[in-house]
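Architecture at a glance
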Amino acid sequence: MNNWKQISIGEFVDFNPSESIPKGKLVKKIPMAKLTEFVRKINGYEYAEYNSGPKFRNFDTLVAKITPCLENGKTAFVDILEENEIAFGSSEFIVLRENKNSTSEFVYYLAKSPVFRERAINCMEGTSGRKRVNEGALKRQEIIVPDKPTQQKIAKVLSDLDAKIELNNKINSALEAMAKTLYDYWFVQFDFPDSNGKPYKSSGGKMVWNAELKSEIPKGWEVKSLSYICEIINGYAFKSEWYTDSGVKIIRTKNFENGYVDLNDLVFLDNEFAKQFDKYQLKTYDFLMVMVGASTGKHCTVNSNILPALQNQNMWRFISKIENQQLFLNLKLERIVLELENTTNGSARGFFQKDSFLSKIVEVPNQDLIENFCNKINSVFKRIDNNLKENQELASLRDWLLPMLMNGQVTVASTSSATEKGYEVEDSELGMVAEDKVECKKN
């Protein structure tokens, strides 16, 4: 470790660097809610008139300084702005910027590491629940860091893992969009393949008026209540005193994130103890939806990377009554929830009662068509599932390497085989997505 030295955090990085935005100017703002725990990428922005708040540019690092956001890992790398663009954010951010002693990406991984986080948490002051980092005290904390070439090598190893995770997320977004487009094409526009392989409605397929739906549907389709195709299962109120540090996961509504289950802030039941709650065991592709409170309607799909897991209270689990049609049900439910959320007369909330929801009238295609659809999209969702599994492995590898790289326990050379094997980023993966999308439209 001859190329490592001891230095104060305040010397190693610049805190809240000076930038200028005129008061009242409409610019991009990044609220705390746009930072996801232990995720490098910022989840979007909004526009607001600048009045006050920390200012930053691309390649700066944002760190939450208030409890519990700091402890929960809200730290992000800014890369969503235009060149030379200045944005601002929550007053509860600390902005970190590289200086002559540091490199920007290493600063981000340092801020995410126990080396930095433990010192920051120890510098918190204030009353319980409203503690904030004393930035002056944090700047005086001593750390040991490598020279800039070594910083760049360390950051490259970690950022390659994050880049692959981000690529998988982009692929999954494209795959999801493809599946939803196909669903819309077949079951909303009614241009599913007819007996000649032509789009049904556009090719003159027979449509009939349905008085209950107040719209036309293809001839031969049925109109049923939602209860005809699915059932709803309530979760269980697991007691906090039962929680353990490992075992079977308990999925709570707070774990719903962007349509999936977020693996941060999980709680567990002992494996043996969990066996008595078999009724609440989740399965791959189960559809979960919040049914109480401000988040009513928020939903996610269960993927195999979170299993084994149990369903907590305050959510519904939707199960298809017909085998192998869960994916069709999930896409139908997403559209129903979207329609209810877009209701402007305030009546939508009443539908989020079990009896009311299950009594909603829906069109039901013939079974052969649903099976054909599910066969087409099964491989799409299997690939999404595999990508989520790989992301979990990549994140675990990154988080295992991070503290050891930051304190010199592991050298960059010793990580090369671990990070390269099986995780190369291939441009062809996005090409495969594009080909699948074209193929679905052809069919």
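Right, let's walk through the structure included here. Since the model is a prediction, treat every value here as computed from it, not as a measurement.

Along its length, the chain carries 11 helices and 25 strands. When its C-alpha atoms are laid out on the principal axes, the chain stretches across 75 × 50 × 50 Å. Looking at the chain as a whole, 49% of its 443 residues are labelled buried. Taking contacts inside the chain between residues at least 6 apart in sequence as the whole, the part at least 24 apart equals 75%. Total accessible area on the chain is roughly 21900 Å²; 47% of this is exposed by carbon and sulfur atoms. Averaging the locations of the 58 positively and 60 negatively charged side chains of the chain gives two centres separated by 3 Å.

A few words on helix H7 (residues 326-341). The terminal C-alpha atoms of H7 lie 22 Å apart, and with 16 residues this matches the ideal 22 Å at 1.5 Å per residue to within 8%. Looking only at H7, the buried set comprises Gln326, Leu327, Phe328, Leu329, Asn330, Leu331, Lys332, Leu333, Ile336, Val337 and Leu340.

Let's shift gears to the sheet that holds strand S3 (residues 26-30). Each strand in a sheet pairs with another by means of backbone hydrogen bonds, the pair being arranged parallel or else antiparallel. With respect to topology, four strands assemble into an open sheet ordered S4-S3-S8-S5, the strand pairing being mixed. Sheet topology places strand S4 (46-49) and strand S5 (55-56) at the edges, where each strand pairs with a single neighbour. Pairing of S3 with strand S8 (residues 87-89), which is carried by two bridges, proceeds in the parallel orientation. Note on S8: the bridge partner recorded for isoleucine 30 is glycine 89.

A separate point is the pattern of salt bridges. In total, this model carries 23 salt bridges according to the counting rule given. Of the charged contacts in the structure, one is a salt bridge between glutamate 19 and arginine 57, with a shortest N-O distance of 2.6 Å. Placement of the pair is glutamate 19 in the loop between strand S2 (14-15) and S3 and arginine 57 in the loop between S5 and strand S6 (61-64), with a sequence separation of 38 residues. Classification of glutamate 19 by relative accessible area gives buried; the value is 15%. Classification of arginine 57 by relative accessible area gives partly exposed; the value is 26%. Linking lysine 332 and glutamate 363 is a salt bridge whose minimum nitrogen-to-oxygen distance equals 3.8 Å. With a gap of 31 residues between them, lysine 332 in helix H7 and glutamate 363 in strand S25 (residues 361-364) connect regions that are remote in the sequence.

A separate point is the packing of aromatic side chains. What the rule picks out here adds up to 32 aromatic pairs. Each ring, one from tyrosine 183 and one from phenylalanine 187, has its centre 5.2 Å from the other, and the planes form 50°; the classification is tilted. Residue tyrosine 183 and its partner phenylalanine 187 are both found in helix H5 (residues 148-187); the two are separated by four residues, about one turn of the helix. Comparing tyrosine 183 with phenylalanine 187, the two get one shared label, buried. Both rings, one in tryptophan 316 and one in phenylalanine 318, keep their centres 6.1 Å apart while their planes meet at 80°; by these two values the pair is edge-to-face. Tryptophan 316 sits in the buried class, given a relative accessible area of 2%. Exposure remark for phenylalanine 318: the relative accessible area of 0% places this residue in the buried category. Joined through ring pairs, the aromatic side chains of Tyr183, Trp186, Phe187, Phe190, Phe192, Tyr200, Trp221, Phe328 and Phe373 make up one cluster. For the cation-ring pair, lysine 28 lies above tyrosine 45, with the distance from its terminal atom to the ring centre recorded as 4.6 Å. When the ring centre of phenylalanine 77 is taken as origin, the NZ or CZ atom of arginine 40, which lies over that ring, is 4.5 Å away.

Cut-offs used in this document
- Residues numbered from 1 in each chain as written.
- Predicted model: local features only at pLDDT ≥ 70, side-chain atom pairs only at ≥ 80, totals over all residues.
- Heavy atoms only, no water.
- Helix = DSSP H or I, 4+ residues; strand = E, 2+ residues; numbered from the N terminus.
- Buried < 20%, exposed > 50% of the residue type's maximum accessible area, 1.4 Å probe, protein only.
- Contact = heavy atoms within 4.5 Å.
- Areas by Shrake-Rupley, 256 points an atom, 1.4 Å probe, with all protein chains shown as cover.
- Lys, Arg positive; Asp, Glu negative; His and termini not counted.
- Charge placed at Lys NZ, Arg CZ, Asp CG, Glu CD.
- Expected span 1.5 Å × (residues − 1).
- Pairing = 2+ DSSP bridges.
- Salt bridge = Lys/Arg side-chain N within 4 Å of Asp/Glu carboxyl O.
- Phe/Tyr/Trp six-rings, centres within 6.5 Å; stacked < 30°, edge-to-face > 60°.
- Lys NZ or Arg CZ within 6 Å of the ring centre and 35° of its normal.

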